[in-house]
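The primary structure of each chain is shown beneath.
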Amino acid sequence: MASGSVADQEGKVMLLGFWFSPFVKRVEWALKFKGVEYDYVEQELTNKSTLLLTSNPIHKKVPVLIHNGNPIAESLVIMEYIDETWKQNPILPQDPYERAMARFWANFIEQKVTEPARDALLSQGEQQEKKVKELKEAMEVVEGEAKAKLNDKTLFFGGENGVGYVDIVLGWTCNWMETVEEVGGFKVLDPESQPQFHKWMANFREVPFIKPTLEPTEKLVEYFRMLRQARLGLVANK
Amino acid sequence: MAQEVKLFGMWASLYSRRIEIALKMKGVQFEFIEEDLQNKSPLLLKHNSIHKKVPVLLHNGMPIAESLIILEYIDETWLDNPILPRDPYDRAMARFWARFIDEKLIWISWDAFSSKEEDQGKAIEEACKQLKALENELKEKEFFGGDTLGYLDIAAIMVASWFGVMQEVMKVELLTEENFPILCQWVGKFVDCPIVKECLPRKEKMVEFTRVLLKDFLASK
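Each residue is numbered by its place in its chain's sequence as written, counting from 1. Throughout, the order in which chains and ligands are written sets their labels, letters from A for the former and numbers from 1 for the latter. pLDDT decides what is reported in this predicted model: residues at 70 or higher carry local features, side-chain atom pairs at 80 or more are listed and counted, and totals for whole chains, interfaces and linings draw on all residues regardless. Working from all heavy atoms in the structure, the side-chain values ignore hydrogens and water.

**Student:** Any chance you could explain the pairing of strand β4 (residues 70-73) of chain A here in plain terms?
**Tutor:** Sheet faces and side chains relate simply in a regular strand, where the side chains alternate between the two faces. Residues and elements named next belong to chain A. Whether two strands pair depends on DSSP finding at least two bridges between them. To qualify as a helix, a DSSP run of H or I must reach at least 4 residues; to qualify as a strand, a run of E must reach at least 2; elements of each kind are numbered from the N terminus. Bridge analysis of strand β3 (residues 64-67) against β4 gives four bridges, and the strand direction is antiparallel. Within β4, the position partnered with Val 64 by the bridge is Ala 73. Count of turn residues in the β3/β4 antiparallel hairpin: two residues, of which Asn 68 carries a positive phi of about 55°.

Below, the structure is given as structure tokens:
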């Protein structure tokens with residue numbers, strides 16, 4: 001596929017992904033939001049395809065977006081590319097300061113919510129406790145932002161445009177967070193101390209182009225349980 | 001409209017220097033506020049309450065934190081002398097490699113500089129692989145940005161300055177002319193740019209500063 005002629009590749013959008021990856025889901029949400037047609041190509045975690053390895057030789061990870069035969073990796077970089085290439089339904093705000101704030105919060109979510117959650121999923125004991133503590137502290141900040149920005153009229157961080165960049169970046173929590181909690185054996189979600197965040201999650205889940213894409217929790221739990229056992233098994237055998 | 005631009009930074013912070021370079025490239029007048037990172041000012045803590053770090057750009061009273069985000073803000077606010085490329089794909093590549101430097105290269109290189117002897121060989125090998133990947137991005141160009149400095153060159157100040165300093169402090173060779181002729185050539189051109197010359201702290205000063213910063217670590221080796 002990668003060796004097709006330039007003419008073949010013109011206009012083609014391909015997304016390399018894993019069904020269970022929240023990073024891949026983000027990119028799908030961005031594409032769907034804009035009504036961009038794409039070919040989704042499921043990858044294998046342990047048997048990475050030549051296409052994946054040549055398209056993302058640095059990180060060897062999904063998602064990878066291939067547009068006109070050109071590969072782009074890293075979900076946040078891909079999202080900005082999508083926003084700049086297909087101008088309908090903007091994901092990022094127009095105003096430079098608002099854009100900076102959206103990027104700031106996206107980075108915060110990645111560093112303080114997404115990464116600790118993943119680390120907590122794949123660790124145990126003291127290591128895990130440390131990550132869960134970080135995660136809980138970050139969720140307080142997220143709740144604070146939700147309290148400040150959202151209300152009955154403004155359901156999403158994208159403001160009057162509806163769903164936006166920050167919503168899509170944070171969106172994995174509406175489905176995967178419960179999975180991570182169940183598999184990892186810890187609790188971070190708390191409707192009592194995170195009322196605005198829970199409202200946001202409920203609203204996000206119902207967005208028409210988001211709802212059909214959400215994988216059933218049981219399926220995710222089964223898969224991530226296997227992933228966790230594999231990782232802990234490896235660590236134990238070191 | 002009168003523009004008020006302030007930069008909270010620190011002389012030894014290359015992240016802070018990135019912003020100085022960008023503002024100067026755009027000809028933006030700004031006030032520099034030197035922070036004592038052991039004793040952060042109330043203003044800094046107010047403007048970057050989440051991370052409490054430099055650099056923070058204050059534009060007409062509105063704060064922006066995180067150096068790569070500030071660079072994009074600067075490029076979108078002052079439109080002369082663009083820093084990022086025009087083409088969306090080129091922009092995506094510039095962003096990808098800037099993130100790569102901050103999120104992967106620096107950490108892997110720190111491992112290579114600081115590893116125990118038995119692990120060091122492998123760590124150095126890995127760091128060299130990453131450096132080679134970055135070097136390949138230069139291709140036939142003068143700078144990552146093409147004929148002139150761009151976003152990725154500014155981001156790569158880490159390569160131009162931090163590596164040399166760390167090599168001297170930790171006595172570990174990583175970025176050598178022999179192994180990375182093209183990247184080292186870029187370093188030479190980068191540090192020779194008049195604006196960069198103005199903004200780059202002197203190597204001896206950085207080495208001294210880093211030695212003090214890492215004194216406990218160095219003592220334990």
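**Student:** Sorry if this is basic, but what is going on with the nonpolar core here?
**Tutor:** Here is a general trend for soluble globular proteins: nonpolar side chains tend to be buried in one another's company. Residues belong to a common nonpolar core when they are buried Ala, Val, Leu, Ile, Met, Phe, Trp, Tyr or Cys residues joined through side-chain atoms within 4.5 Å. For the exposure calls, accessible area comes from a 1.4 Å probe over protein chains only, and a residue counts as buried if that area is under 20% of its type's maximum, exposed if over 50%, partly exposed in between. Formed by 164 residues in total, the largest nonpolar core has its most connected members in Leu 65 of chain A together with Leu 57, Val 159, Phe 163 and Trp 186 of chain B. It is helix α4 (residues 88-114) of chain B that contributes the most residues to this core, 14 residues altogether. Any two residues having at least one pair of non-hydrogen atoms within 4.5 Å are treated as being in contact. Residues within four places of Phe 163 of chain B in sequence aside, it is in contact with Leu 105, Ile 106, Ser 109, Phe 113, Leu 131, Met 158, Leu 174 and Leu 175 of chain B.

**Student:** Would you mind showing me how to read helix α6 (residues 125-149) of chain A here?
**Tutor:** Since the α-helix advances by 3.6 residues per turn, residues separated by three or four positions end up pointing in the same direction. Residue and element names in this part refer to chain A. Over its 25 residues, α6 extends 36 Å from the first C-alpha to the last, a length consistent with the 36 Å expected when each residue adds 1.5 Å. Those residues of α6 lying buried are Gln 128, Lys 131, Val 132, Leu 135, Ala 138, Met 139, Val 142, Glu 143, Glu 145 and Ala 146. For α6, the secondary structure elements touched by its buried residues are α5 (96-121), α7 (165-170), α8 (173-184), α9 (195-206) and α10 (217-236). Take the residue count of a helix, subtract one, and multiply by 1.5 Å to get its expected span.

**Student:** Looking at this structure, I do not really get the sheet that holds strand β2 (residues 39-42) of chain A. What am I missing?
**Tutor:** As a general point, the strands of a sheet are linked pairwise by backbone hydrogen bonds and lie either parallel or antiparallel. Residues and elements named next belong to chain A. The four strands are arranged β2-β1-β3-β4 in an open sheet whose pairing can be described as mixed. The outermost strands of the open sheet, each flanked by one partner alone, are β2 and β4. Along the sheet, successive strands turn relative to each other by an average axial angle of 20°, direction set aside. Here four bridges tie strand β1 (residues 13-17) to β2, and the two strands are oriented parallel to one another. Pairing of Leu 15 across the sheet is with Tyr 40, part of β2. Angles here are taken between N-to-C directions and fall from 0 to 180 degrees, while the axes themselves are lines fitted to C-alpha atoms, restricted in helices to the stretch in contact. Its contacts with the sheet place helix α2 (residues 22-34) against β1, β2 and β3, and it is angled at close to 155° to β1.

**Student:** What is the right way to look at the packing of α8 of chain A against α10 of chain A in this model?
**Tutor:** All names here are of chain A. Running from amino to carboxyl end, α8 crosses α10 at an angle of 45°, the nearest separation of the two axes being 9 Å. The angle between α8 and α10 places the two elements in the oblique class. Considering how the two elements wind past one another, α8 and α10 form a crossing that is right-handed. Across from Asn 175, Trp 176, Glu 178, Thr 179, Glu 182, Val 183 and Gly 184 in α8, the residues of α10 making contact are Thr 217, Leu 220, Val 221, Phe 224, Arg 225 and Arg 228. Within the contact of α8 with α10, the residues separate by chemical class into five nonpolar, four polar and four charged. Between 65 and 115 degrees an angle is taken as roughly perpendicular, under 35 as roughly parallel, over 145 as roughly antiparallel, and anywhere else as oblique. For any pair of crossing helices, the crossing counts as left-handed if the nearer helix is rotated counterclockwise from the farther one by less than a right angle, and right-handed if it is rotated clockwise. Put simply, Ala, Val, Leu, Ile, Met, Phe, Trp, Tyr, Cys and Pro go in the nonpolar bin, Asp, Glu, Lys and Arg in the charged bin, and everything else, Gly too, in the polar bin.

**Student:** Can you walk me through unusual backbone geometry in this structure?
**Tutor:** For residues besides glycine, phi is generally negative; the peptide bonds are generally trans as well. The peptide bond linking Val 62 of chain A to Pro 63 of chain A adopts the cis configuration, its omega dihedral lying at 0°. Relative to the assigned elements, Pro 63 of chain A resides in the loop between α3 (50-55) and β3. Here the bond from Val 54 of chain B into Pro 55 of chain B is cis, since omega is 0°, no more than 30 degrees from zero. Looking at the element boundaries, Pro 55 of chain B is found in the loop between α2 (42-47) and β3 (56-59).

**Student:** Help me understand the pattern of salt bridges in this model?
**Tutor:** Opposite charge on two side chains lets them pair, provided their charged atoms get close. Note on definitions: salt bridges are taken to be side-chain nitrogens of Lys or Arg within 4 Å of carboxyl oxygens of Asp or Glu. A complete count under the given rule lists 32 salt bridges over all chains for this structure. The residue Lys 197 of chain B makes a salt bridge to Asp 192 of chain B at a minimum N-O spacing of 3.3 Å. We note a salt bridge from Glu 204 of chain B to Arg 202 of chain B, for which the minimum N-O separation is 3.0 Å. Owing to a relative accessible area of 53%, Arg 202 of chain B belongs among the exposed residues under this scheme. Beyond isolated ion pairs, a larger network of salt bridges with shared partners links Glu 80, Glu 84, Arg 99 and Arg 103 of chain A together with Glu 72, Glu 76, Arg 91 and Arg 95 of chain B.

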